[in-house]
Structure formats: structure tokens, C-alpha cells
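What follows is the residue order along each chain.
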Amino acid sequence: GSWVLKAYPPSEYGSGKPSKQVLEHTGPFLVKGVDQAGAYWLEDPKNRKQLRPCNIHLLRPYIIDEGRTNPLEIRCKDTTDEYIVESITGHSGSMKRKPSLKFNVKWIGYEEETLEPWANLRNNSILHEYLRAQNLHQHIPVEFRSELL
């Protein structure tokens, strides 16, 4: 439940940062849990997507004054065209054919729902919650399955 900043993982080319103009860390991200191997599960508050598990050496604490700072506002401040999923109210299509799946999505701050394809939502924690509620947890992508989540 704590907030962290995440460093870019190193690559064969060096530090892993996309460019010199990018800060060493990105975030903040919400820690959702730790698995048995010690990998940390993070969630991006901007789009409620779960990130791939990462090692602790890539993380550092994000210190906030919750009375004055909202981590979601900090995460979203660079872009204005972000949409955040509030809930998923239903789906159509076959679970056996993921490209045919469409989900009814309610967005934060908007009245109307939209139909979104599986590819746009597959990493979203709200979708994972919806699949668990519908007893379709076996369709959560393997990289996001954990006993902790």
C-alpha cells in the first residue's frame, strides 16, 4: 500500500533511461504486494494497470504529505488526455477468442460507457477484479496472476 518510484531497468546499452532528458526514476506507483520470490507488484494509478513484477533494487520510497499531495495528480501531470477506468459493467464476445472480446467501461469523470477491446484493458487491475467477480480468473494474463492479488 505504499508509494514508490521505479528506476528504469539496465539494458545492454547502459542505464536503461530512454534519453538524457529523462529523470532516473518514474512514478509514483502503488505497491500492491510482494510474491514469494521477492518481486514487487506495482500498479500505475494513472491507468490502473499492473506493471510487471520488479526487484527491490529498482525501487525507492516516494515520500508524500497526503494532506497536500495527491500521487495520482503527480503521475498524470505530464499528460492531459488520460482516461481512468472507474468500473467494467459487462462484456461481449467469446473468452476463447480474446480479439473478439469487448468490455463495457465506465470512465472516471464521464457519464457514458464505451466498448473497449481486450487489448486495451488486458493489463488493467479493474479488468482483473471484474474477471475474478465473474469467476473468469483463469483469463487474467499469466504475468499478473499472484496469490497476493
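Our structure is the block above this text.
Think of each chain on its own: its residues are numbered from 1, step by step along the sequence as written. Two thresholds apply to this predicted model, a pLDDT of at least 70 for residue-level local features and 80 or more for giving and counting side-chain atom pairs, whereas whole-chain, interface and lining totals are computed over all residues. Values shown for side chains rest on all heavy atoms present in the structure; no hydrogens or waters enter the calculation.

Draft legend 1. Geometry of the environment of aspartate 44. A helix here means a DSSP run of H or I that spans at least four residues, while a strand means a run of E at least two residues long, and both kinds are numbered starting from the N terminus. Mapping aspartate 44 onto the fold places it in strand 3 (residues 40–44). When the C-alpha positions of aspartate 44 and leucine 30 are compared, they lie 6.6 Å apart, and in sequence the two are 14 residues distant.

Draft legend 2. Up close: the sheet that holds strand 3. Following DSSP output, two strands are said to pair if at least two bridges run between them. Read from one edge of the open sheet, five strands run 4-3-2-1-5, paired in antiparallel fashion. Pairing within the sheet leaves two strands with one partner each, and these edge strands are strand 4 (49–50) and strand 5 (59–61). Two elements, strand 2 (residues 25–34) and strand 3, share four bridges in a ladder whose sense is antiparallel. Residue pairing for strand 3: valine 31 is matched across the bridge by leucine 42.

Draft legend 3. Local environment of the sheet that holds strand 7 (residues 102–107). If you walk across this open sheet you meet the three strands as 6-7-8, and the pairing is antiparallel. Edge strands, defined here as strands with exactly one partner in the open sheet, are strand 6 (85–92) and strand 8 (113–117). Neighbour-to-neighbour, the strand axes of this sheet turn through a mean angle of 35 degrees, independent of strand direction. Of the strand pairs in this sheet, strand 7 and strand 8 are connected by five bridges, and their pairing is antiparallel. Following the sheet pairing, phenylalanine 103 is matched in strand 8 by glutamate 116. In the packing of helix 3 (residues 125–133) onto the sheet, contacts are made with strand 6 and strand 7, and the angle to strand 6 comes to roughly 50 degrees. For helices, the fitted axis covers only the stretch in contact; all axes are lines through C-alpha atoms, and the angles between them, taken along N-to-C directions, range from 0 to 180 degrees. Throughout, a contact is declared for two residues whenever any of their heavy atoms are within 4.5 Å.

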